[in-house]
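Descriptive structure summary
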Amino acid sequence: MRGYGGRRMPRGDVRTAVLLLLAEQPMHGYQLMHAIAHRTGGRWQPSPGAIYPTLSQLEDEGLVSVTAGAGRKLAALTDAGRQHFTEHSDSWSDPFAAFPERSGSTDLRPLLEQVHDAARQVGRTGSEAQVSAAARILADTRKALYLLLAEGPDGLEETP
């Protein structure tokens, strides 16, 4: 999923991630999305549009069984799915390896939500001059973030 640091992954990576997680324990679709986001520090957040079709395909292949209960559908590896996992998992690339752990990583999502809320409030209640000023601030912020990336990890300067 794109957004807040997430990125779109190839379908094979979604499939592999789902199989790896289900080999550990049965999970609901939402649990799978959360587990993937957790393992990648929030940098890969698959959408329901990626998870549920993958589960359906795996079910069609007989690798996963999906049972309904308490309003949710629990996915688990079948015997054939466990055998497939045992026979093939050594040849799979780790879909989580593209997201190395960051020590002391800062989660930008709460800050982005706060900026979004503030911008929305200015848009709703601010004067035309305030809305124009907010647009300039947001455009400058976007440019500053791209410049930050362009400088590379060692080119950072302390900003006030």
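Parameters at a glance
Residues numbered from 1 in each chain as written. Predicted model: local features only at pLDDT ≥ 70, side-chain atom pairs only at ≥ 80, totals over all residues. Heavy atoms only, no water. Helix = DSSP H or I, 4+ residues; strand = E, 2+ residues; numbered from the N terminus. Buried < 20%, exposed > 50% of the residue type's maximum accessible area, 1.4 Å probe, protein only. Contact = heavy atoms within 4.5 Å. Areas by Shrake-Rupley, 256 points an atom, 1.4 Å probe, with all protein chains shown as cover. Pairing = 2+ DSSP bridges. Patch = residues over 30% accessible without salt bridge, like charges linked within 9 Å, V, L, I, M, F, W, Y side chains within 5 Å. Salt bridge = Lys/Arg side-chain N within 4 Å of Asp/Glu carboxyl O. Axes fitted to C-alpha atoms, helices over the stretch in contact; angles between N-to-C directions. Parallel < 35°, antiparallel > 145°, perpendicular 65-115°, else oblique. Left-handed = near helix turned anticlockwise from the far one by under 90°. Phe/Tyr/Trp six-rings, centres within 6.5 Å; stacked < 30°, edge-to-face > 60°.

From N to C terminus, the protein chain includes six helices and three strands. For the protein chain, the succession of helices and strands along the chain, N to C, is α-β-α-α-β-β-α-α-α. Relative to its 160 residues, the protein chain shows a buried fraction of 26%. In the protein chain, once contacts between residues fewer than 6 apart in sequence are set aside, the share between residues at least 24 apart is 58%. As displayed, the protein chain offers around 11100 Å² of accessible surface, 55% of which is attributable to carbon and sulfur atoms.

So, about the pairing of strand β2 (residues 64–69). In this sheet, strand β3 (residues 72–77) lies alongside β2 in antiparallel orientation, the contact comprising six bridges. Within β3, the residue paired with Val64 across the bridge is Leu77. Here β2 folds back onto β3 in antiparallel fashion, the turn holding two residues, of which Ala70 has a positive phi close to 55°.

With that settled, consider a nonpolar patch on the surface. There is a patch of nonpolar side chains on the surface, built from Leu108, Leu111 and Leu112 and spanning about 280 Å² of accessible area. Of note, Leu111 is situated in helix α5 (residues 109–125).

A few words on the packing of helix α2 (residues 29–39) against helix α3 (residues 48–60). Between α2 and α3, the least distance of the axes is 10 Å, while the angle of their chain directions is 120°. If you check the angle between α2 and α3, you find them oblique. When you trace α2 past α3, the crossing you get is right-handed. On the side of α2, the interface is formed by Gly29, Tyr30, Leu32, Met33 and Ile36, while α3 contributes Pro48, Ile51, Tyr52 and Leu55.

Side-chain positions along a regular strand alternate between the two faces of the sheet. Pairing of strand β1 (residues 27–28) with β3, which is carried by two bridges, proceeds in the antiparallel orientation. Bridging from a neighbouring strand, Met27 pairs with Ala75 of β3.

The residue Ala35 is located in helix α2 in this model. Put simply, Ala35 and Val18 are 17 residues apart on the chain and 9.5 Å apart in space, counted from C-alpha to C-alpha. Filtering out sequence-adjacent residues up to four positions away, Ala35 remains in contact with Leu21 and Met27.

Turning next to the pattern of salt bridges. Pairing between side chains of opposite charge can happen when the charged atoms of each approach one another. Overall, the coordinates contain four salt bridges when judged by the stated rule. One salt bridge connects Arg15 with Glu61, and the closest N-O pair in it is separated by 2.8 Å. Note that Arg15 is positioned in helix α1 (residues 11–24) and Glu61 in the loop between α3 and β2, a separation of 46 residues in sequence. Overall, the relative accessible area of 38% leaves Glu61 in the partly exposed class.

Spatial strand order, β1-β3-β2: three strands in an open sheet with antiparallel pairing. Edge positions in the sheet fall to β1 and β2, since each of these pairs with one other strand and no more.

On to the packing of aromatic side chains, then. For any pair of aromatic rings, the description consists of the separation of the ring centres together with the inter-plane angle of the planes. Within this structure, the stated rule accounts for two aromatic pairs. With a centroid separation of 6.3 Å and 45° between ring planes, the pair formed by Trp44 and Phe96 is classed as tilted. Residue Trp44 is found in the loop between α2 and α3, and its partner Phe96 is found in the loop between α4 (79–88) and α5; the two are separated by 52 residues along the sequence. Neither residue differs from the other here; Trp44 and Phe96 are each classed as buried. Between Phe85 and Trp92, the aromatic rings sit 5.7 Å apart at their centres with planes inclined by 70°, giving edge-to-face as the arrangement. Of the residues examined, Trp92 reaches a relative accessible area of 21% and is grouped as partly exposed.

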